[in-house]
Structures are given as C-alpha cells and as structure tokens.
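Now for the letters of each chain:
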Amino acid sequence: MIPAVLASPSWLRPRPKRKPRILQAQPYVEQIVEPRRGGRGRDGAEWVEQCREELALAKRGEKRVFISALHSLPDDEAIATWNASEASWFHGGDYDARELMLHMERRGLPAMEGLLRYAEGKLPSAVLGLIRVESPRVAPYLAQVLAKGKKAELAEKWFLTYPKAACLGLIPAALGSDRTVASASGHALRYLASTGQLERIRATARRWDGDVEREIDEVLSDDQPTRVPTLPSFVRLDALSLTSLGEALPESAREHLALMLRFTPTLPAYSGLREVRA
C-alpha cells in the first residue's frame, strides 16, 4: 500500500484559511547582550561634521553611507539619527553588519527602533545586531533568518539561548496577518518544540486567552509548505527504484517523495517523511 502522503499529499489541497489575530505584547525585560562602553569612532570636529553631512545626503537619497558614520556622533545625536533613518540610507553587507553589532552594543536599547527598521529592509545585514538583543521583538526577524537558511545557525543559537523571549515574540507573529512572517514564526516554533521547548511554548500561549494555546497547537502540527519548489532538471524519477511493502511506487509517488526531500527543513524534518518511514 502506498502511504497516503505520497498518494495524495496535503500540499495539493487548498489550505484552510485562518483568521489573523492581534495579540497584546507581554511584558519582558529586554537587554543588550554584552553591552560595550565607550568605543567612539574617529575624533575631531571636522570628521564629525563630515559624518553629519554624509548622513544628511543619505537622508535626501543622494548617497549611501556605512553605519560607522554614526560612531563619531554624540550618543544622543547618533541614536536620534539612527532611529529616524531608513535601511536605504546604508550600504549593508558584511562591513555594515559588523558595525551594526558594535552600534547596538554601545547604544543599547534606545537604538531598537532603528534596528528593527533596518532589519525590515536589510535583514541579512541586520542579523549580527539582532542577536545582540535579548527581546521578543527580534524573534520574528530571526525566524525569517532561520527559514531562509543563510546565517540560520546564528538564529538557532539565539533561539536556544533565549527561548522565553523567543516564545513571547513568535506566538503573536505566528498568528498575525503577515503570511510570510507567520509562516517563518510557525517554523521557528516547531524548531523550538523539536529541541524540548514544547511545554514552554504551550505555557507561554496560555498567558493570552485559551484559544491561543489551541491555535498554536494547530501551528505546531501544520508543517505544510507554503510554496512547493520544482524538482531540478537533473533529477531522474525513473532512476529511483522504490517500493512500499513490495509494491513499486508509481512515478507520481516518487515525485512527491522527491519534493518532500527537497523542501523539508533539517530540523524539524517534515512530518510526512515520518509517515513514509513508518
């Protein structure tokens, strides 16, 4: 007998629509990981004025700057400028990623508004800054990092180090209206559950009303992909000699299995694979 998940996989059927929910943020004492004191950039009135001029040009959309342009400014001015900035002001990339980490270590929680706005526009470059903050507010962004794969190991380490903050941030995001963020947050919750945090997730969900725990249980059990990729051209289904209880699998079942192997995360693995293995 062919396993049902191979004969008629659930991703071929319409997904039931879920009504988004807006959950009130729960209190949490945020903090910067290993805050840094001092460490200003280059000194000198001429250099500081040059940094101000470059930031003004970036604000007008006439050039892009590096985050290090903020380092020489007085703290109050740097934080105000940063929190009013857009991600498009900055170059991004590895250099800015390191400078953002130093910026957050030095300027701390007052710079959170700018950090989250920067992450909206340049998420890969924001990761090193995000992981310097213990806060539920960064969890949905790191969930997207985990889902995309690049720098996922940094997101995994943060989730394992700060599971309480992660749960408080992921649960509202998983039930929210942004489908991309909700999908990534749901995956991050399933990842946490696979590492022994299931009871913490459920206990955290109970901090809201009773329906939230039920809805989060549905999220934890729903690991169907939002988008099923195509198979690469080099995959030859006719070369896969697979059987189930002595019966050769038809080509459609082999294709479904190959697709599952392609879209499954490393951890937790897609539940359909457990059904096939059983």
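Residues numbered from 1 in each chain as written. Predicted model: local features only at pLDDT ≥ 70, side-chain atom pairs only at ≥ 80, totals over all residues. Heavy atoms only, no water.

Novice: Is there a simple way to think about the overall build of the protein in this case?
Specialist: Scanning the protein from terminus to terminus reveals 13 helices and four strands. A burial count over the protein gives 46% of its 278 residues as buried. Split by element, the accessible area of the protein, about 15100 Å² in all, is 51% carbon and sulfur. A gap of 1 Å separates the mean positions of the 40 positive and 36 negative side-chain charges of the protein. (Helix = DSSP H or I, 4+ residues; strand = E, 2+ residues; numbered from the N terminus. Buried < 20%, exposed > 50% of the residue type's maximum accessible area, 1.4 Å probe, protein only. Areas by Shrake-Rupley, 256 points an atom, 1.4 Å probe, with all protein chains shown as cover. Lys, Arg positive; Asp, Glu negative; His and termini not counted. Charge placed at Lys NZ, Arg CZ, Asp CG, Glu CD.)

Novice: Would you mind showing me how to read the pattern of salt bridges here?
Specialist: When the charged atoms of two side chains lie near each other, side chains of opposite charge can form a pair. In the structure shown here, the tally under the stated rule is 18 salt bridges. The partner of R52 in a salt bridge is E77, with the nearest N and O atoms 2.7 Å apart. Placement of R52 in helix α2 (residues 45-59) and of E77 in helix α3 (residues 75-83) is noted, with a sequence separation of 25 residues between them. Using a relative accessible area of 31% as the deciding quantity, one classes R52 as partly exposed. One salt bridge in this structure joins D211 and R214, with 4.0 Å as the shortest N-O distance. On the criterion of helical spacing, the pair formed by D211 and R214 is a turn pair, its members being three residues apart in helix α11 (residues 210-221). Note on D211: relative accessible area 41%, which makes it partly exposed. One network of salt bridges, in which partners are shared, links R21, D209, D211, R214, E215 and E218. (Salt bridge = Lys/Arg side-chain N within 4 Å of Asp/Glu carboxyl O.)

Novice: Please explain the nonpolar core as it appears in this structure.
Specialist: One recurring pattern in soluble globular proteins: nonpolar side chains tend to sit buried together. Counting 63 residues, the largest nonpolar core has W82, L130, L142, W158 and F159 as its most contacted members. Ranked by size, the runner-up nonpolar core spans 11 residues in total, among them W11, A253, L257 and M260. (Core = buried A, V, L, I, M, F, W, Y, C linked by side-chain atoms within 4.5 Å.)

Novice: I tried to follow helix α12 (residues 251-263) on my own but got confused; where do I start?
Specialist: Note on helix geometry: an α-helix contains 3.6 residues per turn, so any two residues three or four positions apart are oriented the same way. Under the 1.5 Å per step criterion, the end-to-end length of α12 is 19 Å for 13 residues, consistent within 8% with the ideal 18 Å. Taken as a whole, α12 has its buried residues at A253, R254, H256, L257, A258, L259, M260 and F263. (Expected span 1.5 Å × (residues − 1).)

Novice: Before we go on, may I ask you to explain the packing of helix α7 (residues 139-148) against helix α8 (residues 152-161) in this structure?
Specialist: For any two helices packed against each other, the geometry comes down to the angle between their axes and how far apart the axes lie. The geometry of α7 relative to α8 is characterised by a closest axis approach of 8 Å and an angle of 135° between their N-to-C directions. On the basis of the axis angle, α7 is oblique to α8. Relative to α8, the crossing made by α7 is left-handed. Across the interface between the two elements, A139, L142, A143, V145 and L146 from α7 touch A152, A155, E156, W158 and F159 from α8. (Axes fitted to C-alpha atoms, helices over the stretch in contact; angles between N-to-C directions. Parallel < 35°, antiparallel > 145°, perpendicular 65-115°, else oblique. Left-handed = near helix turned anticlockwise from the far one by under 90°. Contact = heavy atoms within 4.5 Å.)

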